[in-house]
Amino acid sequence: MLKFSPSRYNIQSECLGRYYFTYIMNRRDNTLWPGTIAGTATHSYLEENLNNINSENDLKKLPLWKPYFDKALSNEITKGMNYKKPRGFSDANFISNYEKFVREVLRFLYLYLPKGTKIFEEKISEIINIDNIDIEITGVVDLQVKNNDETYIVDFKTTKNNNTWYFVDWKDDAQSLSYFYLLRERNPHSFVYTIFNFEQKTIITQFSDEIEKEQLQKSFYGLLQDFVVNHNNSSNNNNYNPSKENCKWCFHKTYCKVAIS
Ligand code: SF4
């Protein structure tokens, strides 16, 4: 069965070759960088500690962030991932940035999010038939806040580059559309990206209101149709998107015939 997830759709949008080699040929990059582990550790930190904040005073009692990083790293190494650090990387500076700013992130979330029951990291999935093709839609919702029969959907992102988050084109945004669709029976009130930059110590939010049901189905099914067409076209390297920027860090550049070096 064809699998759809927001990350698969987003990789298609960057370059169909990257999608083809990763998901059809199953050539996976097992390199892990500190920023990726830090993202996983921060998700766990928020999940375990956000419910313990009932006043600003509780922020002083928060645990250190580093043990979460160590645990996430050791889990990934056990799975066979290959941990690499960039040239000139300083462990001390890196950890210290996270220790200092993660409390501000929790303070922000405590003040910003609506009050209600919090559900973390729920896996959701559904099979949808589009043009006689069964597609399995999957996603993991970072946080849902249930308040007065409405659901607020929250996604956590960590970034080094704020520029990529100043504008979100909601009509083509695979993550919000798929979560709105999969959670449609839970009366979704809104979807928000909360984007944390631990180097620059900034927080950006990007917010989308609930979408009317008919419009949601039309937009999401349209996106799935594009996904199927792109999937079918992905073995043809005339459809790839080579550029110096795209290919520079691409794991597949050693065997991709149209890579630009
Ligand atoms: S090397 Fe370039 S063209 Fe080839 S898959 Fe990667 S990004 Fe696409």
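Everything that follows concerns the structure shown earlier in this document.
Notes on the structure in this doc start here. No experiment lies behind these values; they were computed from the predicted model shown.

Examining the nonpolar core
Counting 34 residues, the largest nonpolar core has W65, F69, L109 and L143 as its most contacted members. Within the residue set of this core, elements represented by two or more residues are α3 (34-49), α4 (66-78), α5 (91-112), β5 (133-147), β6 (150-158) and β7 (188-197). A total of 9 residues in this core trace back to one element, the largest contributor, which is α5. With near-sequence residues (within four places) excluded, L143 lies in contact with L50, L113, K118, I119, F120, Y152, I153, V154 and F156. I11, L177, F220 and F227 belong to the second-largest nonpolar core, a separate cluster that totals 32 residues.

Concerning the site of the ligand
Taken together, C15, G17, R18, P242, N246, C247, C250, K253, C256 and A259 make up the full set of residues adjacent to the ligand. A breakdown of the residues in the shell around the ligand according to their chemical character gives 6 nonpolar, 2 polar and 2 charged.

Focus on the pairing of β7
Burial analysis of β7 places 9 of its 10 residues in the buried class, which makes it a mostly covered element. As paired strands, β6 and β7 are joined by 8 bridges and run parallel to one another. Across the sheet, residue I153 finds its bridge partner in β7, namely F191. Judged from the 8 bridges that link them, β7 and strand β8 (residues 202-209) form a sheet pairing that is antiparallel. Note that in β8 the partner of F196 across the bridge is I203.

What counts and what doesn't
- Residues numbered from 1 in each chain as written.
- Predicted model: local features only at pLDDT ≥ 70, side-chain atom pairs only at ≥ 80, totals over all residues.
- Heavy atoms only, no water.
- Core = buried A, V, L, I, M, F, W, Y, C linked by side-chain atoms within 4.5 Å.
- Buried < 20%, exposed > 50% of the residue type's maximum accessible area, 1.4 Å probe, protein only.
- Helix = DSSP H or I, 4+ residues; strand = E, 2+ residues; numbered from the N terminus.
- Contact = heavy atoms within 4.5 Å.
- Near = heavy atom within 4 Å.
- Nonpolar A, V, L, I, M, F, W, Y, C, P; charged D, E, K, R; others polar.
- Pairing = 2+ DSSP bridges.

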